[in-house]
Amino acid sequence: MKFIDEARIEVMAGKGGNGAASFRREKYVPFGGPDGGDGGKGGSVYAVADENVNTLVEYRFVKKYLAQDGERGRGADCYGKGGDDIELHMPVGTVITDHDTGELVADLTHHGQRVMIARGGKGGLGNIHFKSSTNRAPRQSTPGEEGEQRTLKLELKVLADVGLLGMPNAGKSTFIRSVSAARPKVADYPFTTLHPNLGVVRMDDTSSFVIADIPGLIEGAAEGAGLGHRFLKHLQRTGLLLHIVDVAPFDPDVDPVREARAIVAELEKYDAELHGKPRWLVLNKLDMLPAEERDLTVSAFLEAYGWPKTQPDDSLGFDVDTPRVFAISALTHEGTRELVRAIDNYLRIMRARARAAAEEAERLAEEARLARKAAARARQEEIEAAKAAAAAAKAAGEDN
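A brief report on the enclosed structure follows. (Residues numbered from 1 in each chain as written. Predicted model: local features only at pLDDT ≥ 70, side-chain atom pairs only at ≥ 80, totals over all residues. Heavy atoms only, no water.)

**With respect to the overall build of the protein**
- Helix and strand content of the protein: six helices and 14 strands.
- The buried share among the 400 residues of the protein stands at 42%.
- Looking at the protein alone, contacts between residues at least 24 apart form 72% of all its contacts between residues at least 6 apart. (Helix = DSSP H or I, 4+ residues; strand = E, 2+ residues; numbered from the N terminus. Buried < 20%, exposed > 50% of the residue type's maximum accessible area, 1.4 Å probe, protein only. Contact = heavy atoms within 4.5 Å.)

**Let's talk about unusual backbone geometry**
- A positive phi is found at K285, a non-glycine position, where the angle reads about 70°.
- Position of K285 relative to the elements: it lies in the loop between β13 (279-284) and α5 (291-305).
- For H333, which is not glycine, the phi torsion reads 70° and is therefore positive.
- Mapped onto the elements of the fold, H333 is located in the loop between β14 (325-327) and α6 (336-399).
- Given a relative accessible area of 43%, H333 falls into the partly exposed group.

**Thoughts on the pairing of strand β6 (residues 104-107)**
- Judged from the three bridges that link them, strand β5 (residues 94-98) and β6 form a sheet pairing that is antiparallel. Within β6, the position partnered with T97 by the bridge is L104.
- In this antiparallel pair of consecutive strands, β5 and β6, the connection spans five residues, and G102 shows a positive phi of 80°. (Pairing = 2+ DSSP bridges.)

**Some thoughts on the sheet that holds strand β3 (residues 64-66)**
- With mixed pairing, the five strands of this open sheet are ordered in space as β3-β1-β8-β5-β6. Of all strands in the sheet, those with a lone pairing partner are β3 and β6, marking the two edges. Taking each pair of neighbouring strands and ignoring which way they run, the sheet shows an average axis angle of 25°.
- Bridging between strand β1 (residues 6-12) and strand β8 (residues 149-156) involves seven bridges; their strand directions are antiparallel. Note on β8: the bridge partner recorded for R8 is K153. (Axes fitted to C-alpha atoms, helices over the stretch in contact; angles between N-to-C directions.)

**What to know about the nonpolar core**
- One finds F175, F209, I211, L242, W280, L339 and I343 to be the most contacted residues of the largest nonpolar core, which totals 25 residues.
- Looking at this core, the elements with two or more residues in it are β9 (162-165), α2 (172-179), β11 (208-213), β12 (240-246), β13 and α6.
- It is α6 that provides the largest number of residues to this core, a total of six residues.
- In this structure F175 touches L164, I211, L242, I244, I328, A330, T336 and L339, once residues within four positions along its chain are discounted. (Core = buried A, V, L, I, M, F, W, Y, C linked by side-chain atoms within 4.5 Å.)

**Digging into the environment of R258**
- Here R258 is to be found in helix α3 (residues 256-270).
- As for R258 and A304, which are separated by 46 residues in sequence, their C-alpha atoms are 9.5 Å apart.

As structure tokens, then:
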């Protein structure tokens with residue numbers, strides 16, 4: 001199936017049914033009075049996150065989605081039936097925005113999440129609601145409201161813990177094949193990868209993480225050159241970026257340092273927030289170098305690139321704040337185990353920090369709620385005390 005990660009659709013919620021203006025007409029019951037029922041509510045449109053859907057290809061072919069209108073009200077106090085809602089199943093990670101205003105409508109981040117994206121119109125009121133002591137035979141009713149209509153932009157951003165960056169043929173697909181069960185296409189020509197691939201790395205029965213591989217970037221990608229710029233959005237949800245560099249290119253005129261700097265420059269042009277994410281350097285294809293030249297090549301690259309040669313000190317605990325560098329061969333698996341173990345340690349700590357931050361935020365919110373409740377109670381007690389004081393003062397004045 002072709003990977004489609006963008007689409008534009010039009011959704012139209014159902015119109016509410018009109019209210020009825022009717023009067024009870026029954027033998028031997030003169031002046032029966034109004035009995036017009038309300039119209040039914042129009043159907044709404046919902047977006048549902050579904051882990052069994054992988055792309056937005058369906059929404060490239062079907063552009064319009066209409067929910068059912070509500071039925072009109074009838075006499076004998078009969079209310080119209082509400083229109084049926086419709087559900088649009090989308091991949092987890094889909095971001096829905098209003099095409100005209102740019103407003104964020106929904107961010108589908110977990111399976112089963114259900115969000116209304118177009119609200120159905122309310123049903124009109126029947127004349128039974130307008131009866132009063134002075135209007136015993138009302139003939140007015142109200143029409144149903146129109147349902148919401150909006151044009152929406154759908155954008156799929158895959159959910160992954162780690163994202164891979166690099167030039168075409170840097171070895172990103174080979175790396176994801178070597179550490180996970182993913183099997184992207186691997187070949188010796190540029191742009192072998194044409195769409196994002198996800199691989200799950202399982203460390204043990206309770207620990208795993210997801211790696212996202214996107215088409216390679218080239219210089220000028222931010223201006224539209226190559227393929228990778230279209231897919232950089234898939235890295236915006238990741239917590240860690242791996243910048244994979246080919247330190248043994250076939251072409252002797254290719255400068256790995258210049259290419260590495262070009263990737264970082266394109267990342268900054270595309271999105272400053274993405275550029276600011278934690279990023280580790282992974283020097284790949286050591287197997288293409290003679291054993292006696294590997295250390296010298298890695299050291300020369302780091303010096304020219306301006307990356308610290310010393311690794312973070314983990315003697316007092318894993319250091320998550322200092323960028324790291326790894327020299328590997330994705331083809332022969334050399335150094336890959338150490339790399340994935342470090343990624344797992346990093347993600348464990350960052351997840352624990354995120355949980356602690358969420359718990360702290362929840363605790364503070366609960367404290368604020370209790371403080372507001374206590375303040376309201378104190379205010380009420382003050383009001384009651386003031387009332388009691390006023391009553392006592394009034395009673396004392398009457399006695400005098």
